[in-house]
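Here are the chains, one letter per residue:
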Amino acid sequence: MRKLTRFGVASGAALGLATLVAPVAAGADGNGGGWSPGGAGHVVFVQTDNTSGNQVVAYDRAANGTLTPKHTYDTGGLGGVLAGSAVDHLASQGSLTYDQRNNLLYAVNAGSNTVSVFSVWGDQLVLRQVVNSGGSFPVSVTVHGNLVYVLNAENGGTVQGYVALFGHLVALPGSGRALGLNAAATPQFTNTPGQVAFTPNGSQLIVTTKANGSAIDVFGVGYFGYLSATPVVNAEPGAVPFGVTFDPAGHLVVAESSSTTPAVATFALSPSGTVTQLDLVPTGKAATCWIAQAGGFLYASNAGSAALSGYQENSANGALSLLGATATDPGTVDAAASADGQFLYVQTGANGIVDEFHVNGNGTLTEVGSVTVPGAAGGEGIVAF
């Protein structure tokens, strides 16, 4: 395990730009403030990751949770496909991310090494910018306040920082960090990093490395938005940590895609960057990779079993209880819940279908419909309001 260290601001120019994100590291709530599209209607955005031209498709949500297609928007970039992937071409979580504070939607263009920035107005998007991702094959984006970090999956993995400013992303000079993974490890889709995510208070940045190290990397975030020079590497041998979320108490919740015991695990995260496992409950399914919250419950996507595994959690101590499984269309991948937690929308990559579920009071799911997203087979990236 490597010791976490702080990274100083390299120049006066970097200092001037970085002051824009000073409130973030001080604990400002990156999810608060700003206009929410939910106020003008209920919307779901789905990314296609199409290699002929990436797109974001907007759907309006009816009162019963069913979706109706409204608009399709070109991102100005290309989707990408990791070698060996079948239903999950990006093999990541968080490839389409909403920035509530700045009312922006970020979409990765893995095949173009860029990130698209959209303004959001209800179910309408306006493309503001297409910016270089600072590395090769971007797969995940996270935001806290005005600070944005992008995870690039190839060439051993990198993260790159940005400041959101007047509807655009401005690269934070000197903020790039290499993960140092084995770039030659195969198959590629299981050996690239899975997700980048801020902790709820923005003081730490999490990166999952999947089979390539099988670790949870934790960077410290300095006052100006710069990361520690190296992360604390929390090795989880054989666990293959993939998608993450945080419970109301701030515990880290991880979907683990172990080939022997796919599971959902909870962890306490210390200020020093080390994690302590609180609970681990197997899903009983194959290829558990993604994790989403809805209605106070957790739902893990099992790509190899065409199923969701539901969990109830005691966030006070991180204890998990398996509720059972719900069948989906083939290739269960990324998922997102409506803002009120009543509905869960699940991408299924085999045929590019989004399955629509009502979240019942006991955590069970009732399917209310499905939609086929044009050109989205193998695609990942979904945001719901």
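Quick caveat, the model's predicted, so the values are computed rather than measured.

### Some remarks on empty space enclosed by the protein
If you roll a probe as big as a water molecule over the atoms, it shows you where there is empty space left.
Logical step 1: Counted according to the given criterion, the structure contains one cavity of 30 Å³ or more.
Logical step 2: For the largest cavity, the calculated volume is near 40 Å³.
Logical step 3: Lining the largest cavity we find V46, Q347, T348, G349, G352, I353, V354, V373, A376 and G379.
Logical step 4: Taken together, the residues that form the lining of the largest cavity break down as five nonpolar, five polar and no charged.

### What about the sheet that holds strand β29 (residues 382-384)?
Logical step 1: As summarised here, the arrangement of the four strands in space is β3-β2-β1-β29, forming an open sheet in which the pairing is antiparallel. Whereas interior strands pair on both sides, the edge strands pair on one side only; in this sheet they are β3 (67-74) and β29. Put simply, the sheet's adjacent strands are angled 20° from each other on average, direction ignored.
Logical step 2: Of the strand pairs in this sheet, strand β2 (residues 55-61) and β3 are connected by seven bridges, and their pairing is antiparallel. Looking at the pairing, R61 lines up with L67 of β3.

### Description of the sheet that holds strand β20 (residues 275-282)
Logical step 1: Taken together, four strands build an open sheet; the order of strands is β17-β18-β19-β20 and the sheet is antiparallel. A single partner strand is all that each edge strand has here, and the edge strands are β17 (241-246) and β20. Averaged over all pairs of adjacent strands, the angle between their axes in this sheet comes to 25°, without regard to strand direction.
Logical step 2: Sheet analysis places β17 next to strand β18 (residues 252-256), joined by four bridges and oriented antiparallel. If you follow V244 over to β18, its bridge partner there is V254.

### Topic: the layout of surface pockets
Logical step 1: What the second largest pocket holds in volume is close to 230 Å³.
Logical step 2: Contributing to the lining of the second largest pocket are 16 residues, with F189, T190, S257, A287 and C289 lying nearest its centre.
Logical step 3: Per-class residue counts for the lining of the second largest pocket are eight nonpolar, six polar and two charged.

### A look at the packing of aromatic side chains
Logical step 1: Within this structure, the stated rule accounts for five aromatic pairs.
Logical step 2: Taking the centre distance of 6.1 Å and the plane angle of 85° together, the rings of F45 and F385 count as edge-to-face. Taken together, the residues span a long stretch of sequence, with F45 in strand β1 (residues 43-47) and F385 in the segment after β29 at a distance of 340 residues. Each member of the pair, F45 together with F385, is buried.
Logical step 3: The interplanar angle of 90° and the centroid separation of 4.7 Å between the aromatic rings of Y98 and F385 together place this pair among those described as edge-to-face. Residue Y98 is located in strand β4 (residues 96-99), and its partner F385 is located in the segment after β29; the two are separated by 287 residues in the primary sequence. For the pair shown, Y98 and F385 are each scored as buried.

### Observations regarding the nonpolar core
Among soluble globular proteins, nonpolar side chains are generally buried collectively.
Logical step 1: Counting residues in each nonpolar core, the largest one holds 42 residues, and the members touching the most others are Y106, Y149, V159, L169 and L205.
Logical step 2: Where this core is concerned, the elements lending two or more residues are β5 (104-109), β6 (114-121), β8 (138-144), β9 (147-152), β10 (158-165), β13 (195-198), β14 (204-208) and β21 (288-294).
Logical step 3: Top contributing element to this core by residue count: β9, with five residues.
Logical step 4: Excluding anything up to four places from it in sequence, V159 contacts Y149, V150, L151, S175, G176, R177, V196, V207, F219 and L227.

### Thoughts on the pairing of strand β11 (residues 168-171)
Logical step 1: In this structure, β10 lies alongside β11, joined through four bridges in antiparallel fashion. Note that in β11 the partner of Y162 across the bridge is A171.
Logical step 2: Adjacent in sequence and paired antiparallel, β10 and β11 are bridged by two residues, among which F166 carries a positive phi angle near 55°.

### Considering unusual backbone geometry
Logical step 1: In this structure, the amide linkage connecting T186 to the following residue, P187, adopts the cis form with an omega of -5°.
Logical step 2: Along the chain, P187 falls in the loop between β12 (177-178) and β13.
Logical step 3: Its identity as a non-glycine residue notwithstanding, S214 has a phi of 45°, on the positive side.
Logical step 4: Turning to its location among the elements, S214 is positioned in the loop between β14 and β15 (215-220).
Logical step 5: Not every positive phi belongs to a glycine, and V240 is a case in point at roughly 55°.
Logical step 6: Here V240 lies in the loop between β16 (232-235) and β17.

### Structural notes on the side chain of D334
Logical step 1: In this fold, D334 is placed in strand β25 (residues 332-337).
Logical step 2: Among buried Asp, Glu, Lys and Arg side chains, D334 stands out as unpaired, with K210 the closest opposite charge at 12 Å.
Logical step 3: Beyond its immediate sequence surroundings of up to four residues, D334 is in contact with S92, Q93, G94, W290, Y345, V346, Q347, G381 and I382.

Calculation rules
- Residues numbered from 1 in each chain as written.
- Predicted model: local features only at pLDDT ≥ 70, side-chain atom pairs only at ≥ 80, totals over all residues.
- Heavy atoms only, no water.
- 1 Å grid on protein atoms, 1.4 Å probe; cavity = no way out; pocket = protein on both sides within 12 Å on 5 of 7 lines; lining within 4 Å.
- Points joined across faces, edges and corners; volume = space filled by probe spheres on them.
- Nonpolar A, V, L, I, M, F, W, Y, C, P; charged D, E, K, R; others polar.
- Pairing = 2+ DSSP bridges.
- Helix = DSSP H or I, 4+ residues; strand = E, 2+ residues; numbered from the N terminus.
- Axes fitted to C-alpha atoms, helices over the stretch in contact; angles between N-to-C directions.
- Phe/Tyr/Trp six-rings, centres within 6.5 Å; stacked < 30°, edge-to-face > 60°.
- Buried < 20%, exposed > 50% of the residue type's maximum accessible area, 1.4 Å probe, protein only.
- Core = buried A, V, L, I, M, F, W, Y, C linked by side-chain atoms within 4.5 Å.
- Contact = heavy atoms within 4.5 Å.
- Lys, Arg positive; Asp, Glu negative; His and termini not counted.
- Salt bridge = Lys/Arg side-chain N within 4 Å of Asp/Glu carboxyl O.

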